Amino acid sequence: MTMPPPPPLPPQQAGAVPGGPVPLWAPYYNAPFGVAVRRFFTKYAAFSGRAGRAEYWWWALVSVIVSIILNILTNATGGNRFDSHGMMTYGGGSIVISIIALVWSLAIIIPSLALLSRRLHDTNHSAGWIFILLIPLVGAIIILVFVLSSPNPAGARFDRPTS
């Protein structure tokens, strides 16, 4: 009596040792929060490969929460206001928080674009679609539809397996 072949590995396990970690070049579907954030920083400028929905949306949540906290801190420390002459004035501590917010924004722009690129690849779209964001509102809606889409197996063409 012959044994049936083992079931195929799920997509995130492709190239992985069974039971081992998902390789960085492979998409990690249903990635837990901590792993998704770690992969975001580990794949800082990796524009090739794919990213699952969980990996993308966990990072989106972290990014929004950090931005909200920085905005609250800016307003709590005096905020940025216009004086009676229309000039921008800053409260004492808000300058420091504004600089931290600027550094945060500059630090995550490249990895955020890389993650968006990998998410688009997972839906079998070229990273060139990022440029549609230059079209106000319509571009954002199109990208939102793409990142909400299910993975497309044809997106594997964007993978660059490494050992």
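Note: the structure precedes this text.
Description of the structure in this document. (Residues numbered from 1 in each chain as written. Predicted model: local features only at pLDDT ≥ 70, side-chain atom pairs only at ≥ 80, totals over all residues. Heavy atoms only, no water.)

### Considerations on the pattern of salt bridges
- Within the structure shown, the criterion is met by five salt bridges.
- For the salt bridge of Arg39 with Glu55, the shortest nitrogen-to-oxygen distance reads 3.5 Å. Taken together, the residues span a long stretch of sequence, with Arg39 in helix α1 (residues 33-42) and Glu55 in helix α2 (residues 53-76) at a distance of 16 residues. Exposure class is identical for Arg39 and Glu55. Each is buried.
- Of the charged contacts in the structure, one is a salt bridge between Arg118 and Glu55, with a shortest N-O distance of 4.0 Å. Note that Arg118 is positioned in helix α3 (residues 94-122) and Glu55 in helix α2, a separation of 63 residues in sequence.
- The network of salt bridges with shared partners includes Arg50, Arg119, Asp122 and Asp159. (Salt bridge = Lys/Arg side-chain N within 4 Å of Asp/Glu carboxyl O. Helix = DSSP H or I, 4+ residues; strand = E, 2+ residues; numbered from the N terminus. Buried < 20%, exposed > 50% of the residue type's maximum accessible area, 1.4 Å probe, protein only.)

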